[in-house]
Amino acid sequence: MKKSAFLGALTVASIAASAAVAQDASTVDQIKERGKLNCGVTTGLVGFAAPDANGQWNGFDVGVCRAVAAAVLGDANAVEFVPTTGKTRFTALASGEIDMLARNTTWTFSRDVDLKFEFVGVNYYDGQGFMVAKDLGATSAKELDGATVCIQTGTTTELNLADFFRANDMSYEPVPIETNAEAQQQYLAGACDVYTTDASGLAATRATFEDPSAHVLLPEIISKEPLGPLVRHGDNNWGDVVRWTLNALVSAEELGVTSANIGELSASAGDNPEINRLLGTEGSLGEMLGLDAGWAKRAIMAGGNYGELFAKNIGEDTPIALARGLNAQWTDGGLLYSPPFR
Amino acid sequence: MSDMSYVRSEMLPERAPPASSVGVVGWMRQNLFSGIVNSILTIVSLILIYMVLAAILPWVFSPTWNGTSQNDCREIVGNGHHAACWGVINDRWQQLLFGFYPNGSEGGADQRWRPIVAFALLFVAVTPVLFNMISRRMNWVLLLAVLGLTGLYLGGAVGMIVGLVLLGAAGFVGFKALSTDKEARAAEIEAGAKRLPNPLIFSAIYPFIAPWLLWGGTIWLPIAAALGFVIGYFAFVFASRALGSLIGIIVAVVAAIIWWMVLTSVFANAVDSILPIGLEAVESRKFGGFMLSITIGVVAIACSLPIGIVLALGRQSDLMIVKALCVGFIEFIRGVPLITLLFVASTLLNIFMPPGTNFDIILRVLIMVTLFASAYMAEVIRGGLAALPRGQYEAADALGLDYWKAQRLIIMPQALKISIPGIVSTFIGVFKDTTLVSIIGLLDPLGLSNAIRADQAWNGLVWELYGFIALLFFVFCFSMSRYSMYLERRLHTGHR
Amino acid sequence: MYHMTSMTDPHQGQFRLSMLLYDSRYRSMTIQIIALIGFLILVFWLISNTAQNLADLGKQPSFGFMSEPAGYDINQRLLDYNSQDTHLRASLMGLLNTLLVAALGCIAATIIGVVMGVLRLSPNWIVSRLAAVYVEMFRNVPVLLWIVFTMAILIETLPAPSAFRKGEAAMKLWDTVAVTNRGVYIPEPLFSNSLGNIHLFGQSSLRFDVSLDLLAIAFVFFGGLFISRIIKRRADATQEATGDRPTTWYWRLGVVVIPTAVVLTLLGLHWGYPELKGFNFKGGTHMRNSLIALWLALSLYTGAFIAEIVRAGIMAVSKGQSEAAGALGLRSNRIMSLVILPQALRVIIPPLISNYLNLTKNSSLAIAVGYMDITGTLGGITMNQTGRELETVLLLMAVYLVISLTISGVMNWYNESVKLKER
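Residues numbered from 1 in each chain as written. Chains lettered and ligands numbered in written order. Predicted model: local features only at pLDDT ≥ 70, side-chain atom pairs only at ≥ 80, totals over all residues.

1. Things to note about the overall build of chain A
A count of helical and extended segments in chain A gives 14 helices and 14 strands. A compact globule built from 342 residues should have a C-alpha radius of gyration of about 20 Å, and chain A, at 22 Å, falls within 12% of that. The C-alpha extent of chain A, read off along each of the three principal axes, is 75 × 60 × 40 Å. When each of the 342 residues of chain A is scored for burial, the buried share is 60%. Long-range contacts, defined as pairs at least 24 residues apart, comprise 72% of the intrachain contacts of chain A with a sequence gap of at least 6. (Helix = DSSP H or I, 4+ residues; strand = E, 2+ residues; numbered from the N terminus. Rg over C-alpha atoms; globule rule 2.2 N^0.38 Å. Buried ≥ 20, exposed ≤ 12 C-beta atoms within 10 Å, placed from the backbone. Contact = placed C-beta atoms within 7 Å.)

2. Quick notes on the overall build of chain C
Helices and strands together make up the secondary structure of chain C, namely 14 helices and nine strands. Seen along its three principal axes, the alpha-carbon backbone of chain C occupies a region of about 95 × 75 × 50 Å. Across the 423 residues of chain C, 34% fall into the buried class.

3. Structural notes on the interface of chain B and chain C
With 42 residues of chain B in contact, the opposing surface of chain C contributes 45 residues. Put simply, the parts of the chain that give the side of chain B that touches chain C at least two residues each are helix 2 (36-60), helix 13 (320-335), helix 14 (338-352) and helix 19 (463-495) of chain B. For the side of chain B that touches chain C, the per-class residue count stands at 31 nonpolar, ten polar and one charged. (Nonpolar A, V, L, I, M, F, W, Y, C, P; charged D, E, K, R; others polar.)

4. Section: the sheet that holds strand 9 (residues 147-152) of chain A
All names here are of chain A. An order of 10-9-11-8-12 is seen for the five strands of this open sheet, with the pairing classed as mixed. Each end of this open sheet is capped by a strand with a single partner; those strands are strand 10 (172-177) and strand 12 (215-217). Across the sheet, the mean angle separating the axes of adjacent strands is 25 degrees when strand polarity is ignored. Here strand 9 runs beside strand 11 (residues 194-198); their pairing, made up of three bridges, is parallel. Note that in strand 11 the partner of Ile-151 across the bridge is Thr-196. Set on the sheet, helix 6 (residues 157-167) makes contact with strand 8 (128-133), strand 9, strand 10 and strand 11; between it and strand 9 the angle comes to about 155 degrees. Sheet strands touched by helix 8 (residues 199-207): strand 8, strand 11 and strand 12. Its angle to strand 11, the strand with the most contacts, is close to 125 degrees. (Pairing = 2+ DSSP bridges. Axes fitted to C-alpha atoms, helices over the stretch in contact; angles between N-to-C directions.)

5. What to know about the environment of Met-301 of chain A
Note that Met-301 of chain A resides in helix 13 (residues 295-303). A sequence separation of 225 residues divides Met-301 of chain A from Ala-76 of chain A, and the C-alpha atoms of the two residues are 8.8 Å apart.

6. Some remarks on the nonpolar core
Burial of nonpolar side chains together is a common tendency in soluble globular proteins. If you look at the biggest cluster of nonpolar residues, it comprises 270 residues, and the most contacted ones within it are Cys-65 of chain A, Leu-342 and Val-365 of chain B together with Ile-147 and Leu-294 of chain C. Core analysis: the next-biggest nonpolar cluster, separate from the first, contains 34 residues, Val-146, Ala-224, Ala-239 and Trp-259 of chain B among them. (Core = buried A, V, L, I, M, F, W, Y, C linked by C-beta atoms within 7 Å.)

7. Observations regarding the pairing of strand 2 (residues 183-186) of chain C
Residues and elements named next belong to chain C. Sheet topology note: the strand 1 (residues 178-180)/strand 2 ladder contains three bridges and is antiparallel. Within the sheet, the bridge partner assigned to Ala-178 lies in strand 2 and is Tyr-185. Where strand 1 hands over to strand 2, the hairpin turn is made up of two residues, counted between the paired strands. Of the pairings in the sheet, the one linking strand 2 to strand 9 (residues 285-288) comprises four bridges and is antiparallel in character. Its bridge partner being in strand 9, Val-184 is matched across the sheet by Met-287.

8. Points about the packing of helix 2 of chain B against helix 5 (residues 125-139) of chain C
The interhelical angle for the contact between helix 2 of chain B and helix 5 of chain C, taken along N-to-C directions, is 45 degrees, at an axis separation of 8 Å. Between helix 2 of chain B and helix 5 of chain C, the angle is such that the two are oblique. In the packing of helix 2 of chain B onto helix 5 of chain C, the handedness of the crossing is left-handed. For the pair helix 2 of chain B and helix 5 of chain C, the contacting residues are Leu-41, Thr-42 and Ser-45 of chain B in the first and Ile-126, Val-127 and Leu-130 of chain C in the second. Looking at side-chain class alone, the contact of helix 2 of chain B with helix 5 of chain C contains four nonpolar, two polar and no charged residues. (Parallel < 35°, antiparallel > 145°, perpendicular 65-115°, else oblique. Left-handed = near helix turned anticlockwise from the far one by under 90°.)

9. Section: helix 17 (residues 403-433) of chain B
Along its 31 residues, helix 17 of chain B runs just 36 Å from first to last C-alpha, ending more than 12% under the 45 Å computed at 1.5 Å per residue. Of all the bends found along helix 17 of chain B, the most pronounced is centred on Ile-420 of chain B and spans about 50 degrees, while Pro-421 of chain B, a proline, follows it within four residues. (Expected span 1.5 Å × (residues − 1). Bend = angle between axes of the 7 residues up to and from the residue.)

10. As for the sheet that holds strand 2 of chain C
All names here are of chain C. What the three strands build is an open sheet, ordered 1-2-9; its pairing is antiparallel. Two strands bound the open sheet, and with one partner strand each, they are strand 1 and strand 9. Each strand of the sheet is rotated relative to its neighbour by a mean of 15 degrees, with strand direction disregarded. The sheet contacts of helix 10 (residues 289-316) involve strand 2 and strand 9, and relative to strand 9 the element is tilted by about 55 degrees.

11. Remarks on unusual backbone geometry
Residues and elements named next belong to chain A. Here Lys-116, not a glycine, exhibits a phi torsion of approximately 65 degrees, which is positive. Overall, the presence of 18 C-beta atoms within 10 Å leaves Lys-116 in the partly exposed class. Phi at Ala-321 is positive, roughly 55 degrees, even though this residue is not glycine. Looking at where Ala-321 falls in the secondary structure, it is placed in the segment after helix 14 (306-313). Accessibility expressed as a C-beta count within 10 Å gives 15 for Ala-321, which makes it partly exposed.

12. Thoughts on helix 13 (residues 374-386) of chain C
Residues and elements named next belong to chain C. Between its terminal C-alpha atoms helix 13 stretches only 16 Å, short of the 18 Å expected from 13 residues at 1.5 Å a residue. With 13 of its 13 residues buried, helix 13 lies for the most part within the structure. Note on helix 13: the residue one or two positions beyond its end, Gly-387, has a positive phi of about 70 degrees.

13. Quick look at the confidence of the model for chain C
All names here are of chain C. Model confidence for chain C is summarised by a mean pLDDT of 85, while 94% of its residues fall at 70 or above. Counting contacts from residues 1-9, a segment whose pLDDT is below 50, to residues more than four positions away or on other chains yields zero contacts. Both confidence scores are given for the complex: pTM 0.86, ipTM 0.85. (pLDDT = per-residue confidence, 0-100.)

14. Some points on the confidence of the model for chain A
Detailed conclusions should not be drawn from predicted coordinates in areas where pLDDT is low. Residue and element names in this part refer to chain A. Across chain A, pLDDT averages 85, with 92% of residues at or above 70. When pLDDT is averaged over each helix and strand of chain A, the minimum, 44, is found for helix 1 (residues 2-19) and the maximum, 94, for strand 5 (residues 100-101). Counted against residues more than four places away or in other chains, residues 1-23, with its pLDDT under 50, gives 61 contacts.

15. Side note on the packing of helix 12 (residues 289-316) of chain B against helix 17 of chain B
All names here are of chain B. Between helix 12 and helix 17, the shortest axis-to-axis distance is 10 Å and the interhelical angle comes to 145 degrees. Every pair of crossing elements has a handedness; the one defined by helix 12 and helix 17 is right-handed. Residue-level inspection shows Ser-293, Gly-297, Ala-300, Ile-301 and Leu-313 of helix 12 in contact with helix 17, the latter providing Gln-407, Thr-426, Phe-427, Val-430 and Phe-431. By residue class, the composition of the contact of helix 12 with helix 17 is six nonpolar, four polar and no charged.

The following block contains the structure:
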């Protein structure tokens, strides 16, 4: 026993040693060599990232990972999804365990500057909201003095909440909770009066209730929560790849490029020069990024453009039923505004 | 007068005991209603049992096994009734057991036979250590049977033939063993024990097979790792002949370490390019569910055993600095909660390693859990060493054995044997503690239950998932603790 | 004699390098120095790696963040705290919460364990089986699962405050206790003639208030106990001298109860009852659900282990002891308290210590139910918000290490004091 166990220890140690990889090459090269993109996601949030029975990850954030993988590697399935918690996500990214993080992470000054990350854009404009049971009779967050509030820990929400109640000189009782599922359970059982998190999360959670109409979202949005994918400082080229893949998805929607018509549009150069540049039938944008000409085409084909991703995962036809709101194109009165492909 | 007898010379026939002290009634009177206090306790317990069952059973028995989502379950049960939605288990039990281990859905073959075989072989490997009443022959039969079934499962012409041959051999030997009568069997067992190789050989090979089965990749890597021991052994033999045993040990260790650190992967890659044999590589990220818990538990215990032995010996030694280091390590690890060590694994271990080193979270967790387990293991083994009668040490000294020989030949075999129940309970503890990895985002059963609840269809289900997980843990731990108790009783009679 | 010494006399003369290895006088020294050097190299290696990595990440290790405002609120707190206090104070709140749940847990686990351990030995078949089921159920399922389970049960089965508003639930014990799924509200003692507080440490992060009321009560109460002990000693002396024991129980009770009661009346003791106001119950002492769930789960889980220890301890006392005590004419409860338990305790206490330690360490799982212990504050939100993983984790480990070493130190000292004194 003793001897055999020792042998085992060394086998594992040798596997561990051989798993150690030097990190000198650029991120894109590393990903290409590995053949997989390591993408950090949540351990599970309805509509944004969750594994199905076969272990396939689906969701809005997952869509971004797949688009990047398609752009870099040409295969939307060449993604290794690394579930991260609020606590482990930043160290996972900083240590190079993941190449990018697409885990509804709020873009803040200190994360960008102090934690040395680079937010490449915003894939969902969110804000912290409140959900209460209808029979509580509250119509405004200002009426919540003395309420018990469920919050998810490890996020910016608890700081916003403290600020909000202090600014309005109200008292409250915070109930910090690790996961959305538990928060939902406590809220439904009446262990807290209010559930607060990003408004998208509230809507997604409410959608799965037995009787969604018994709960209301209060009108106050107490914070700005621009959620977006991020990468480490130090490899600007890789940051550009992720940033422009996201922009490509947004631009594609603006320009009317969908997964349905992309084959046709990319077959040959058409009338719209920006579509041509985006899809690589004109110019050499892909080369500038260090990729090939078809990178954006593949990214869009992976799960559709931004609008399609939205509609498929969290849009109004899904049970989550989020309206586009701020996340509509700037042409429709929203905030989505991709810099031009030029 | 002499034939007058006042003493009865024959016994009265036994009378049946009164009806109230035999049978069900008697048993109940004795065990349930033997006094006022007891009767009250009995009634209170019965009421308690009834209340618990009445609350749970109607919920458990609900016809929702085929439900496809929570709403579907609600419809099946009918509105207003509160009942379990077992559809989630039906849908996800494989995921709870195997995590994301390739199941063929992403293309490629279903690989989940590998953890199953590794687990079955684990049993075969620990059998000679833990159940020493099983004869050598049965142990080999077990091994043949497992390998045969694997061959059959894998299919293909070769697999079929190999599988059938192995199963046939196993069946034949097993049949022969069972069909001989008892005395003949005892003789055969004795003869077989001499003829057959020691099953511990397989136990020694297993630590190389198991990682290969689980992680896949080329078979030459584990073989190369095993070669390290051969190299170390020969280095020891030659060096000790020339330079003495202590230098021999040092040379052997250095040689083996150089082999592992520098040459193993070179060798494995070289041979693999000539003769590629291997399984599809599976990254440890794909591990999840119970498979992850068992892997962490088994690897941690297996690796912590040698470390624990060294620490226990160090703690007992007269060398002050060595002792202080060992005590410091043991007390430090035992003084902090596992969760802080897991925080180290998830956030700090990469910072402690040379820049650029990056190994994935499961290996980091394995390292930290191993360190954690080895401190506890050291205490268990120290207990075993302390329980050995003083005379054993003195006898070893009297025979003129040096420290290492005495440890290897006399002390350790006995101390380890006494420690087995403690080792098993340490294993149970570590196995249960693997649920903590869900806090740092690994998808063990508990972590997976959160991920499953993030699926539209199953959002909000709590009891079904927790119940299922708790049941599996209970079955696993309960059977092991029973086994450890049985072992303790056996060792007890043998050693006092 | 002379001859003997010359035999064992070390070979004087020149020192050869090989003696470091082959001479048993030097060998142990050599090995130790090698071990020490190896250890130092390892430590140096780790530190230099860490320094290099942190430099690459652009982080300078520093504990300065501890004096910055924490920014988050803590619901369960034993001292005053608001979101503008420092991370250090937030960690202190967490530490106190850890100690609170550990202390409560150890007491409850001991009670549960002793009761269940005795019940397992009960002659009543059904009772002993139930106790066995309890022990096996709790021992063989991970504690994290039990914590989550207990929390879920509390949340789902107890009424929400809104149920009280609608009249679907009522307060217990003559409207003095409110049991809700947000926690239990019990009456709190209030003093109308309060003596006030002493503020210690000014406005620093370690500030805390000492209630003069409590000090006064404690002083009188323990003073009473002390006098009571003197009376007992007198009575013992009288009994030894004369064989008669004077009846002193009313004196002994009186010197404790009467002064305490007087002080309480002088302070104007009255009770503050919980009342449903707005969203929640107000007034009274609020024991939050997270605390109760964690406390219950930890004590039930550890209680199962203690039950086994107690059972083993009682069974380890040989039957002859209780028979001998019976032959001396002792009644069964006296046999238990005078003969069996003192002997069983010696077997029970060492494993009991390690179970207390386990319970304290397991309290770090509080994070699963949102109880803000030190892992939840320092190792949770503070770590998240500041991104100072190295510093927070090291601090966290140091804190737990100090707690563990203190507990085991105290308990080992106690163990020494009850150990069989061999004369």
